[in-house]
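This is what each chain is made of:
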Amino acid sequence: MADHTSPDYFSCSVCMKLLRDPVAIPCGHSFCMNCISGYWNEADYTGIYICPQCKITFTQRPVLRPNATLSMVAEKIKKSALDLNVHTLQGNGYAGPGDVPCDFCSGKKLKAVKSCLNCLASYCEKHLKPHYESATFKRHKLVEQLGNLDRKICPQHQKPLELFCRTDQMCVCAICTVSEHKGHDIVSAEAERSDKQKLLGISTAEIRQKCQERVKELDELKTAVDSLKNSAQRAMLESQKMFEDMIRSIERMRSEVTKLIGINEKAAFNQSEALIERLEQEIDELKKKESGLKELYGTDDHIHFLQNFNYLCTPTDDGFIPKVTVNPDFSFMAVRKAVSEIKDRLEEFGREELLKISKTVNEVPVYTTESRTLDRRSRGREDNMVTVDTPASPEPRTRADFVKYFCQLKLDPISAYKELYISEHSRKVIRTRDLQPYGDHPERFDSFAQVLCREALSGGRFYWEIEWSGEFSIGVAYRSISRKGKGSLCLLGYNDRSWSLLCSDSGYSAWHNRVDKAVSGPHSPRIGVYLDHTAGVLAFYSIGSGVMTLLHRFDTTFIEPLYPGFGVGTSVKICNVK
């Protein structure tokens, strides 16, 4: 009998650990909430729920009731450092997480070494002995230990599942063949396994080949990414060196201009300094003569007056010192103007060249994605032929034909206008009046409520569907479409770099390069878009009750990869049609 003071008494027989959030089931046994829930989740499809400890079955999933007393005791044991040592138990042959326990061990269960498909039970070495020693079990089939043997029981008749119904494609028991599956194409599980084994080999080969192809693509992509990194690093280093050279060149220009201004300033100062000194001397002499004349004028000594009159009244030689007139037009304004023109030209040249660089880089995509659409045609019950749809295939006509080219799209938040909220794993966008916490980015639309998708579509056929509300536009654009400002160069369909369909409750209109065309067709909250990039076809369809109605078709030539995009009135959702 188990010792009620031992930690073993308060352990879960599923995970072999101390009970966590213990719950009791109707037979009286307790388990961890997560353990018993996970154990029974696997049995939901059978509708038969078995106690992992005493193997009593319940036809309805019991309600799990928390056991507060056990929870408190287990917590005290944990605090008293009496927690179970799972590794020790496993080292002694006990079943641990991931192991199949023996169904006949009581208390701590040992690892099972074999499972019996007749008994539908698993046994440790000790409890397996009767199967080897007794003639009663001679015909029983032993296999490597298996979990969830209860799934091999018919949930309705509680009999072993030994047969297979090809009509309903499910395993059945003997009673099922005379009741629910009466008259169906019934074969043994072994015969059906033999047939499906052939398909398994073919599928394995296909998966292996596909895996090899994906590994090769991954290696090529990694190599390309490494090459791209090296190219980017070289471009950054070379650009930095050239910019440093330009900065040094500008520094030399600045030094020359500063030197020129300094030389002219010094020459003007030296020239004026000599003139100033001579003028100051002449002023001093004139002041002295003026003072002498005043004194001479007031003297009463006639002899003194006559002796000094000739000297004081002799006119000053005005030609001795040249008259200085400052040129009112001279200043260093011409220098400032010249430097300002150099600055403006450099900035203008830099903007033009930067725009050229940006266009050159953006117009060549880093990578393009193509549809991996596969057309699987049934070849009886034995095999599935896989063929790749080629450009020579006829254009799709029915919705089923279009869906073959379905491509999953995701919205690119980098391009989203700041009032657009993106949700549902980047497949839905809503127009709000609140600014979203997007950072500044050169590819973000800053004036129109528009957003592009991440995928660049090129060199194949593609199809997608959207649901919309409020006036909106749907279309495609080259990556080089303008993103900044309020001009028409930024609007979908209003330039030569985009094509769009404008949708509203009052009708439709197709747009390209600011030319619109009225479109008639049934109003629908769902629009389908078909793109054949190679053939230059872009078509929009109204979808209602499974019927597709062509709204408008563009026939043109696409010279760059295309990015699906939307102008959002209220909301737009990209649909999953597979």
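## Observations concerning the overall build of the chain
Link 1 in the chain: Looking only at helices and strands, the chain features 8 helices and 26 strands.
Link 2 in the chain: The burial tally for the chain puts 31% of its 578 residues in the buried class.
Link 3 in the chain: At a minimum sequence separation of 6, the contacts of the chain that also span at least 24 residues come to 55%.

## Brief notes about a nonpolar patch on the surface
Link 1 in the chain: A cluster of nonpolar side chains, namely Ile250, Met253, Ile342 and Leu346, defines an oily patch on the protein surface of about 330 Å² accessible area.
Link 2 in the chain: Listed by contribution, the elements that provide at least two residues to the nonpolar patch are α5 (189–297) and α7 (333–363).
Link 3 in the chain: On the secondary structure map, methionine 253 appears in helix α5.

## Some thoughts on the sheet that holds strand β8 (residues 142–144)
Link 1 in the chain: With antiparallel pairing, the 3 strands of this open sheet are ordered in space as β7-β6-β8. Each edge of the sheet is formed by a strand with only one pairing partner; in this case those strands are β7 (121–123) and β8. Looking at each pair of strands side by side, their axes are set apart by 35° on average, direction ignored.

## A word on the sheet that holds strand β21 (residues 515–519)
Strands belonging to one sheet form pairs held by backbone hydrogen bonds; the direction of such a pair is parallel or antiparallel.
Link 1 in the chain: Taken in spatial order, the 6 strands of this open sheet run β16-β25-β18-β19-β20-β21, and their pairing is antiparallel. The sheet is open, and its two edges are formed by β16 (450–452) and β21, each paired on a single side. Direction aside, neighbouring strands of the sheet carry axes that sit 20° apart on average.
Link 2 in the chain: Note that strand β18 (residues 472–477) and strand β19 (residues 498–504) share 6 bridges and pair antiparallel.

## A word on the confidence of the model for the chain
Link 1 in the chain: Of all residues in the chain, 85% attain a pLDDT of 70 or more, and the chain-wide mean is 81.
Link 2 in the chain: Every residue in residues 81–90 scores below 50 in pLDDT, and together they form 20 contacts with partners more than four places removed in sequence or on other chains.
Link 3 in the chain: For the stretch residues 373–391, pLDDT sits under 50, and the model shows 33 contacts to residues farther than four places along the chain or on other chains.

## Side note on the pairing of β19
Link 1 in the chain: The element β19 is extensively covered by neighbouring structure, given that 6 of its 7 residues are classed as buried.
Link 2 in the chain: With 6 bridges joining them, β19 and strand β20 (residues 507–512) adopt antiparallel strand pairing. Its bridge partner being in β20, serine 504 is matched across the sheet by glycine 507.
Link 3 in the chain: The hairpin formed by β19 and β20 contains 2 residues between the paired strands.

## What about the packing of α5 against helix α6 (residues 302–313)?
For any two helices packed against each other, one specifies the crossing angle of their axes together with the interaxial distance.
Link 1 in the chain: Running from N to C, α5 and α6 point in directions that differ by 155°, and their axes come no closer than 10 Å. Taken together, the axes of α5 and α6 lie roughly antiparallel to each other. As α5 packs across α6, the resulting crossing turns out to be left-handed. Taking contact as the criterion, the partners of Lys289, Gly292, Leu293 and Leu296 in α5 are, on α6, His304, Phe305, Asn308, Phe309, Tyr311, Leu312 and Cys313.
Link 2 in the chain: Within the contact of α5 with α6, the residues separate by chemical class into 7 nonpolar, 3 polar and 1 charged.

## Notes on the pattern of salt bridges
Link 1 in the chain: In this structure the tally under the stated criterion is 23 salt bridges.
Link 2 in the chain: Measuring nitrogen to oxygen at the nearest pair gives 3.0 Å for the salt bridge that ties lysine 114 to glutamate 144. Taken together, the positions of lysine 114 in strand β6 (residues 114–116) and glutamate 144 in strand β8 put the pair 30 residues apart, joining distant regions of the chain.
Link 3 in the chain: Between aspartate 245 and lysine 241 there is a salt bridge, and its shortest N-O distance comes to 3.5 Å. Taken together, the residues span about one helical turn, with aspartate 245 and lysine 241 both in helix α5 at a distance of 4 residues.
Link 4 in the chain: Residue aspartate 245 is classed as partly exposed on the basis of its relative accessible area of 29%.
Link 5 in the chain: When salt bridges with common partners are traced through the structure, they connect Arg166, Glu192, Asp195 and Lys196 into a single cluster.

## A closer look at a negative patch on the surface
Link 1 in the chain: A cluster of acidic residues, Glu273, Glu277, Glu280, Asp284 and Glu285, forms a negative patch at the surface.
Link 2 in the chain: Glutamate 273 gets classed as partly exposed once you look at its relative accessible area, which sits at 42%.

## Brief notes about the side chain of serine 509
Link 1 in the chain: Summarising the element assignment, serine 509 is placed in strand β20.
Link 2 in the chain: Serine 509 gets classed as buried once you look at its relative accessible area, which sits at 12%.
Link 3 in the chain: A distance of 3.0 Å separates polar atoms of two side chains, one belonging to serine 509 and the other to tryptophan 511.
Link 4 in the chain: Sequence-distant contacts of serine 509, defined by excluding residues within four places in its chain, comprise Ser500, Leu501, Leu502, Lys517 and Val519.

## A word on the side chain of serine 37
Link 1 in the chain: Mapped onto the elements of the fold, serine 37 is located in helix α1 (residues 33–41).
Link 2 in the chain: Of note is the side chain of serine 37, whose polar atom sits 2.8 Å from the backbone oxygen of methionine 33.
Link 3 in the chain: Filtering out sequence-adjacent residues up to four positions away, serine 37 remains in contact with Arg61 and Leu64.

Rules behind the numbers
Residues numbered from 1 in each chain as written. Predicted model: local features only at pLDDT ≥ 70, side-chain atom pairs only at ≥ 80, totals over all residues. Heavy atoms only, no water. Helix = DSSP H or I, 4+ residues; strand = E, 2+ residues; numbered from the N terminus. Buried < 20%, exposed > 50% of the residue type's maximum accessible area, 1.4 Å probe, protein only. Contact = heavy atoms within 4.5 Å. Patch = residues over 30% accessible without salt bridge, like charges linked within 9 Å, V, L, I, M, F, W, Y side chains within 5 Å. Areas by Shrake-Rupley, 256 points an atom, 1.4 Å probe, with all protein chains shown as cover. Salt bridge = Lys/Arg side-chain N within 4 Å of Asp/Glu carboxyl O. Pairing = 2+ DSSP bridges. Axes fitted to C-alpha atoms, helices over the stretch in contact; angles between N-to-C directions. pLDDT = per-residue confidence, 0-100. Parallel < 35°, antiparallel > 145°, perpendicular 65-115°, else oblique. Left-handed = near helix turned anticlockwise from the far one by under 90°. Nonpolar A, V, L, I, M, F, W, Y, C, P; charged D, E, K, R; others polar. Lys, Arg positive; Asp, Glu negative; His and termini not counted. Charge placed at Lys NZ, Arg CZ, Asp CG, Glu CD. Polar contact = N/O pair within 3.5 Å; in protein donor to acceptor, adjacent residues only side chain to side chain.

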